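Chain by chain, the residues run as shown.
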Amino acid sequence: MHASGVVGVKIETLQLTVADAGEVLTLQRAAYVTEALSHNDLALPALTQTLDELRAELADPSCVTWGVRESGRLVASVRVRRVDAVVAEIRRLAVVPDRQGNGLGSALLATAEQRLPSEITTVRLFTGEHSEANLRLYSRLGYRETHRTSNGAYQLVHLAKTAPSS
Ligand SMILES: CC(C)(COP(=O)(O)OP(=O)(O)OC[C@H]1O[C@@H](n2cnc3c(N)ncnc32)[C@H](O)[C@@H]1OP(=O)(O)O)[C@@H](O)C(=O)NCCC(=O)NCCS
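Residues numbered from 1 in each chain as written. Predicted model: local features only at pLDDT ≥ 70, side-chain atom pairs only at ≥ 80, totals over all residues. Heavy atoms only, no water.

Chemist: Requested: an account of the site of the ligand, with residues and values cited.
Modeler: Close to the ligand lie 22 residues; Leu 93, Gly 101, Gly 103, Gly 105 and Ser 106 are nearest. Here Gly 105 contributes a backbone N or O atom positioned 2.8 Å from an oxygen atom of the ligand. Between the ligand and the protein, one listed contact pairs an oxygen atom with a side-chain N or O atom of Arg 136 at 2.9 Å. Protein chains bury 72% of the 920 Å² of accessible surface belonging to the ligand in isolation. Of all elements in the fold, only α1 (21-38), β4 (87-95), α4 (104-114), β5 (122-128) and α5 (132-140) reach the threshold of two or more residues within the shell around the ligand. At five residues, the largest contribution of residues to the shell around the ligand is made by α5. Among the residues making up the shell around the ligand, the classes are represented as nine nonpolar, 10 polar and three charged. (Near = heavy atom within 4 Å. Polar contact = N/O pair within 3.5 Å; in protein donor to acceptor, adjacent residues only side chain to side chain. Areas by Shrake-Rupley, 256 points an atom, 1.4 Å probe, with all protein chains shown as cover. Helix = DSSP H or I, 4+ residues; strand = E, 2+ residues; numbered from the N terminus. Nonpolar A, V, L, I, M, F, W, Y, C, P; charged D, E, K, R; others polar.)

Now the structure itself:
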């Protein structure tokens with residue numbers, strides 16, 4: 001993947017496993033605090049998910065988790081869940097707070113899309129309605145809003161795009 005890193009730092013995108021669950025939990029909790037604050041919702045699933053639940057997700061064959069390591073440190077991750085034969089869902093894109101805004105999230109999402117199985121024709125994802133930076137990022141990468149659903153006091157914006165390989 002290409003992202004502006006620190007000169008001399010080795011950046012790798014790897015498939016994560018159950019052995020990485022603790023690091024993924026720490027990363028996702030740190031990253032999603034801003035989402036929780038902007039939606040006034042501390043019960044976000046990304047914050048309340050337990051280690052055991054995360055382990056189960058990492059072991060689920062229908063879900064691939066990609067992670068970015070900078071000189072060994074896990075700085076970003078994303079899950080790709082296969083919904084059916086032709087649809088995949090991007091979940092829990094997260095970058096550690098001190099490395100946000102340097103292109104890692106965009107690059108990881110693009111890498112995850114490039115590594116989709118060839119049968120996948122549609123990629124979808126969702127974010128909270130107040131996540132303006134996320135909505136800009138997804139729009140730049142070609143995602144378009146399909147619909148909104150209510151999540152208590154705010155709405156979730158659902159977006160989709162045609163898979164790059166289809
Ligand atoms: C959403 C998230 C994954 C994006 O990752 P990121 O690495 O910060 O994103 P990027 O750096 O690729 O893009 C974000 C911004 O940085 C800018 N950027 C991109 N490449 C850049 C670079 N090389 N140098 C500096 N800035 C860059 C982008 O233009 C973008 O700017 P914008 O705010 O004007 O849209 C990350 O911010 C995060 O973890 N947020 C909290 C959790 C979350 O909301 N997850 C998604 C839920 S749906």
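Chemist: Tell me about α4, and name the residues and values.
Modeler: Among the 11 residues in α4, eight count as buried, and that is most of the element. Buried within α4 are the following residues: Leu 104, Gly 105, Ala 107, Leu 108, Leu 109, Thr 111, Ala 112 and Glu 113. (Buried < 20%, exposed > 50% of the residue type's maximum accessible area, 1.4 Å probe, protein only.)

Chemist: Could you give an account of unusual backbone geometry, naming the residues involved and the relevant values?
Modeler: A positive phi is found at Ser 71, a non-glycine position, where the angle reads about 45°. Among the secondary structure elements, Ser 71 is positioned in the loop between β2 (63-70) and β3 (73-82). Look at Arg 92: it is not a glycine, yet its phi comes out positive at around 55°. Inspection of the secondary structure puts Arg 92 in strand β4.

Chemist: Quick rundown of the nonpolar core? Include the residues and the values.
Modeler: One finds Ile 90, Tyr 138 and Tyr 143 to be the most contacted residues of the largest nonpolar core, which totals 42 residues. Looking at which element gives the most residues to this core, the answer is α1, with seven residues. Once you skip the residues sitting within four places of it in the chain, Tyr 138 turns out to touch Leu 93, Leu 109, Leu 125, Thr 127, Tyr 143 and Leu 159. (Core = buried A, V, L, I, M, F, W, Y, C linked by side-chain atoms within 4.5 Å. Contact = heavy atoms within 4.5 Å.)

Chemist: Now, about the pattern of salt bridges: what can you tell me, with residues and values included?
Modeler: For side chains of opposite charge, pairing can occur when their charged atoms come near one another. In the structure shown here, the tally under the stated rule is 13 salt bridges. With its nearest N and O atoms 2.8 Å apart, the salt bridge here joins Glu 23 to Arg 69. Of this pair, Glu 23 sits in helix α1 while Arg 69 sits in strand β2, and the two are 46 residues apart along the sequence. Note on Arg 69: relative accessible area 11%, which makes it buried. Glu 89 serves as the salt-bridge partner of Arg 124, at 3.6 Å between the closest nitrogen and oxygen. Placement of Arg 124 in strand β5 and of Glu 89 in strand β4 is noted, with a sequence separation of 35 residues between them. Here the residues in one salt-bridge network are Glu 57, Arg 79, Arg 81, Glu 89, Arg 91 and Arg 124, joined through shared partners. (Salt bridge = Lys/Arg side-chain N within 4 Å of Asp/Glu carboxyl O.)

Structural measurements only, silent on function.
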